[in-house]
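Chain residues, written in single-letter form:
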Amino acid sequence: MNAARWRHAPVAHRAMLVGALTTAMFAGAWNVAQSQNEPTPAYPQADKHRPSTLADRVVLTWEGDPSNSQSVTWRTDATVKTAQAQLALSGEGPSFKTGASTVLATRNLTQTTNLGYDSVYHTVRFTGLAAKTKYLYRLGDGTNWSEWYEFQTASAAAEPFSFVYYGDAQNDIQEHWSRVVRQAFKEAPDTKLFLHAGDLIDSSTSDSQWGEWFNAGEWVNGMVPSFATTGNHEYSGSAVAPQWNTNFAWPQNGPQGTGPVYDALKGTAFYTDFQGVRFISMNSNTAAVASNLRTQFLDVQTAWLEDLLKNNPNKWSVVTFHHPMFSNEPARNNPEQRNRWLPILEKYGVDLVLQGHDHSYGRGNVIQGTTTEGGNGTMYVVSVSGPKMYGADDSNWVENGAQVKRILTNTQLYQVISVEGDRMTYKAKTATGRLHDQFTIDKPTGKGKIVTDDLANVKPQSVGATVPGTLSLELGAAPTLGAFTPGVAKDYEAGVGATITSTAGDATLSIVDPATTAPGKLVNGTFALAQPLQAAVSGAFAPVGGAPLALHSYSGPVSKDPQTIRFKQSIGGAEPLRTGAYAKSLTLSLSTTAP
């Protein structure tokens, strides 16, 4: 046990507790510049995200063939009645504008938001475009126009390209996700699409969160198409977020049929073929339908998935859904989904299965039949791009016949995947651009698939710090019990504020009276009070004495923990009191058995 002074000391303090028969007066003064300490009012969310006549929340998607069509959706307020776009071949100077054609919006959907204003979402679908060609477009109403955005149509044949895959953005999007988007675009400025594995936002109906999501991507969303799958946070109960089908124009080529299951899959299960890769988005949110329809919900997609893979004209296939086939979070498990979809994914050797939901990183494959190729070479990835983090281990993978090659927690990531001929290269990078994971998939003509971990270029980066051993006890001004009144039975109480910091495995705050004369009792010269002084923090009062009295305990580290040490002195009605001041110096200590 260490000792120190009363004020601003790390571990132990001696204090003078005083009771007097004279009147005590307390005075205090605050010297506060009020105008400098008043917080700035928060900018109203409704004002921050309210639409206007000018186009915002611009996003490219595909409803048809990426080689000859392009859809764009944007938002305005309800005053815009003639939403339209102008399209022109890209040029090296401003004269491109003379060849621009006007296309009226074919979809204008009004939505009342949770912030109390109406938004109107407009969609234009450019068709009849030339393959592998750059175009410029702008959005407006004939009077008010956006800037010109550029996009390039896909090649009609397989050609090299790259795309970026994001796990959940979800929380604190403006504060934390924006930098990941910018770092990814810096890393891959020629990316051809953004793939989002669900949970773009946290609350499906929060227009402010959707506003943050679009602001994070800003103009890039108007130049690079998005391809996404729904996460559980895109839903409120069984209802998908209103913005999902208003601010995005998704392909309508999912499972075809009638009834609530097919209605739930409309706009949430679809596919796109792009330059030699078939991208498939599946809906793993079984809560989108009633409990008695959930088996059908999975089975319908199983049959649809098998048909898409069996009849895939492309060399490569990428499937995305939100809930992992093998969960990084041991408390989570998706057996119904796994029992139906895993055999199909493995049977047809899907190249990548890109997922989210678990707020950590994991990448691996099925063990059965593993050679140097790793099963059928299907790689399952779980990733996170936003700041919400969970723990991770490989127990759910191992229990279901899979192995983890790389696992990581508490790290925001993005993934850049490049496709060129017979090779697909996968790189996972952290928010700072550090390479965390890398592998290649090779498909030589006439040979089997070969998956190769390329971890030689993955340099572990050790980041850490040390914490010095600290036991700190800060106390306020010495307390006073006021004036004792002779002949009146009464309990007198006082308190002192304490601030406690400990880096130890445990810590105990205690008090002791080190005096040999009348230990635990206030004294006035040779006179001592009849009753001992009592002390407490959060529990009942107990008498102070010559042995340490434990007031409060901690079972782990604590930082700047505020506590009040309370004192009580009982005076009897017939107790003789001597004129003068009763006082005692006490020692307060913070000690540990596990430094």
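Everything discussed here concerns the structure shown above.
What you see is a predicted model, and the numbers here were worked out from it, not measured in a lab.

The rules behind these values
- Residues numbered from 1 in each chain as written.
- Predicted model: local features only at pLDDT ≥ 70, side-chain atom pairs only at ≥ 80, totals over all residues.
- Heavy atoms only, no water.
- Helix = DSSP H or I, 4+ residues; strand = E, 2+ residues; numbered from the N terminus.
- Buried < 20%, exposed > 50% of the residue type's maximum accessible area, 1.4 Å probe, protein only.
- Contact = heavy atoms within 4.5 Å.
- Pairing = 2+ DSSP bridges.
- 1 Å grid on protein atoms, 1.4 Å probe; cavity = no way out; pocket = protein on both sides within 12 Å on 5 of 7 lines; lining within 4 Å.
- Points joined across faces, edges and corners; volume = space filled by probe spheres on them.
- Nonpolar A, V, L, I, M, F, W, Y, C, P; charged D, E, K, R; others polar.
- Axes fitted to C-alpha atoms, helices over the stretch in contact; angles between N-to-C directions.
- Parallel < 35°, antiparallel > 145°, perpendicular 65-115°, else oblique.
- Left-handed = near helix turned anticlockwise from the far one by under 90°.
- Phe/Tyr/Trp six-rings, centres within 6.5 Å; stacked < 30°, edge-to-face > 60°.
- Lys NZ or Arg CZ within 6 Å of the ring centre and 35° of its normal.
- Core = buried A, V, L, I, M, F, W, Y, C linked by side-chain atoms within 4.5 Å.
- Salt bridge = Lys/Arg side-chain N within 4 Å of Asp/Glu carboxyl O.
- Polar contact = N/O pair within 3.5 Å; in protein donor to acceptor, adjacent residues only side chain to side chain.
- Expected span 1.5 Å × (residues − 1).
- Bend = angle between axes of the 7 residues up to and from the residue.

Caption draft 1: Focus on the environment of Val353. Here Val353 shows up in strand β18 (residues 352-355). The class for Val353 is buried, based on a relative accessible area of 0%. Each C-alpha atom of the pair Val353 and Ser146 lies 37 Å from the other, and the pair is 207 residues apart in sequence. In this view, Val353 contacts Val319, Phe321, Leu345, Thr378, Met379, Tyr380 and Val381; residues no more than four positions away in its chain are not counted.

Caption draft 2: Representation of the pairing of strand β29 (residues 507-512). Buried residues dominate β29, accounting for 5 of its 6 residues. Bridge analysis of β29 against strand β36 (residues 581-591) gives 5 bridges, and the strand direction is antiparallel. For Ile511, the partnering residue across the bridge sits in β36 and is Leu588.

Caption draft 3: Spatial organisation of the layout of surface pockets. Considering only enclosed or pocket space, the largest pocket measures out at about 270 Å³ in volume. Of the residues in the lining of the largest pocket, the class split is 8 nonpolar, 2 polar and 4 charged. The space that makes up the second largest pocket amounts to roughly 230 Å³. Listing elements by their share of the lining of the second largest pocket, those giving two or more residues are α2 (45-49), β2 (56-61) and α4 (207-217). Looking at the lining of the second largest pocket residue by residue, the class counts come to 5 nonpolar, 4 polar and 6 charged.

Caption draft 4: Representation of the packing of helix α3 (residues 173-187) against α4 in the model. Following both chains from N to C, one finds α3 and α4 inclined at 30°, their axes separated by 8 Å at the closest point. Compared by their axis directions, α3 and α4 come out roughly parallel. Remark: the crossing between α3 and α4 carries right-handed chirality. Contact residues: Ile173, Gln174, Trp177, Ser178, Val181 and Arg182 in α3; Gln209, Glu212, Trp213, Asn215, Ala216 and Gly217 in α4. Its residues placed into classes, the contact of α3 with α4 shows 5 nonpolar, 5 polar and 2 charged.

Caption draft 5: The packing of aromatic side chains, seen in detail. One pass over the structure, following the stated rule, counts 31 aromatic pairs. Positioned above the aromatic ring of Trp145, the side-chain terminus of Arg138 is 4.3 Å from the ring centre. Positioned over the ring face of Phe541 is Arg566, at 4.7 Å from the centre of the ring.

Caption draft 6: Representation of the nonpolar core. Ranked by internal contacts, the top residues of the largest apolar core, which has 57 residues, are Phe279 and Leu352. What Leu352 contacts, discounting residues up to four positions off in sequence, is Ser317, Val318, Val319, Met379, Ile417, Met424, Tyr426, Phe439 and Ile441. Of all hydrophobic cores here, the second largest spans 33 residues; its members include Tyr492, Ile511, Leu586 and Leu588.

Caption draft 7: Structural context of the pattern of salt bridges. Tallied over the full model, the rule gives 20 salt bridges. Taking the shortest distance from any N to any O, the salt bridge between Asp351 and Lys443 comes out at 3.0 Å. Taken together, the positions of Asp351 in the loop between α8 (335-347) and β18 and Lys443 in the loop between β24 (435-442) and β25 (450-453) put the pair 92 residues apart, joining distant regions of the chain. Classification of Lys443 by relative accessible area gives buried; the value is 14%. Several salt bridges converge on common partners, so that one network encompasses Asp56, Arg57, Arg75 and Asp207.

Caption draft 8: Up close: empty space enclosed by the protein. Within the structure shown, the criterion is met by 1 cavity of 30 Å³ or more. Considered as a void within the structure, the largest cavity measures approximately 50 Å³ in volume. Lining the largest cavity are Tyr166, Trp177, Val181, Phe194, His196, Trp213, Gly217 and Asn221. Among the secondary structure elements, those contributing two or more residues to the lining of the largest cavity are α3, β11 (194-196) and α4. Partitioned by chemical class, the residues of the lining of the largest cavity number 5 nonpolar, 3 polar and no charged.

Caption draft 9: Geometry of the sheet that holds strand β19 (residues 361-366). In spatial order, the strands read β15-β16-β17-β18-β20-β19-β21; together these 7 strands make up an open sheet with mixed pairing. Either end of the sheet is taken by a strand with one partner, and the two such strands are β15 (270-274) and β21 (402-408). Going across the sheet, the axis of each strand differs from the next one's by a mean of 15°, ignoring polarity. Summarising the sheet, β18 and strand β20 (residues 379-382) pair through 4 bridges and their orientation is parallel. When the bridges of β20 are listed, Gln355 appears paired with Val382. On top of the sheet, helix α7 (residues 294-310) reaches β15, β16 (277-281) and β17 (316-320); it is set at about 175° to β16, its chief contact. Contacts between α8 and the sheet are confined to β17, β18, β19 and β20, with β20 contributing the most and set at about 130° to the helix.

Caption draft 10: Summary view of the environment of Val319. Residue placement: Val319 occurs in strand β17. Overall, the relative accessible area of 0% leaves Val319 in the buried class. Separated by 132 residues in sequence, Val319 and Glu187 place their C-alpha atoms 23 Å apart. The contacts of Val319, once residues within four sequence positions are left out, are Ile280, Met282, Leu305, Leu345, Val350, Leu352, Val353 and Leu354.

Caption draft 11: Broad picture of the side chain of His323. Of note, His323 is situated in the loop between β17 and α8. Of the polar contacts made by the side chain of His323, one reaches the side chain of Ser284; its length is 2.6 Å. Non-local contacts of His323, meaning those with residues more than four positions away in its chain, are made with Asn232, Ser284, Asn285, Asn334, Gln337, Gln355 and His357.

Caption draft 12: Fine view of α8. Between the first and last C-alpha of α8 there are 18 Å, a value that for 13 residues agrees with the 18 Å anticipated at 1.5 Å per step. At Trp341, α8 is deflected by roughly 35°, the largest bend along its length, and proline Pro343 occurs up to four residues later in sequence. Turning to α8, its buried residues number three or more, namely Gln337, Arg338, Arg340, Trp341, Leu342, Ile344, Leu345 and Glu346. In this fold, the buried residues of α8 make contact with α7, β17, β18, β19, β20 and α9 (395-399). With its phi angle positive at about 60°, Gly349 sits one or two positions after the end of α8.

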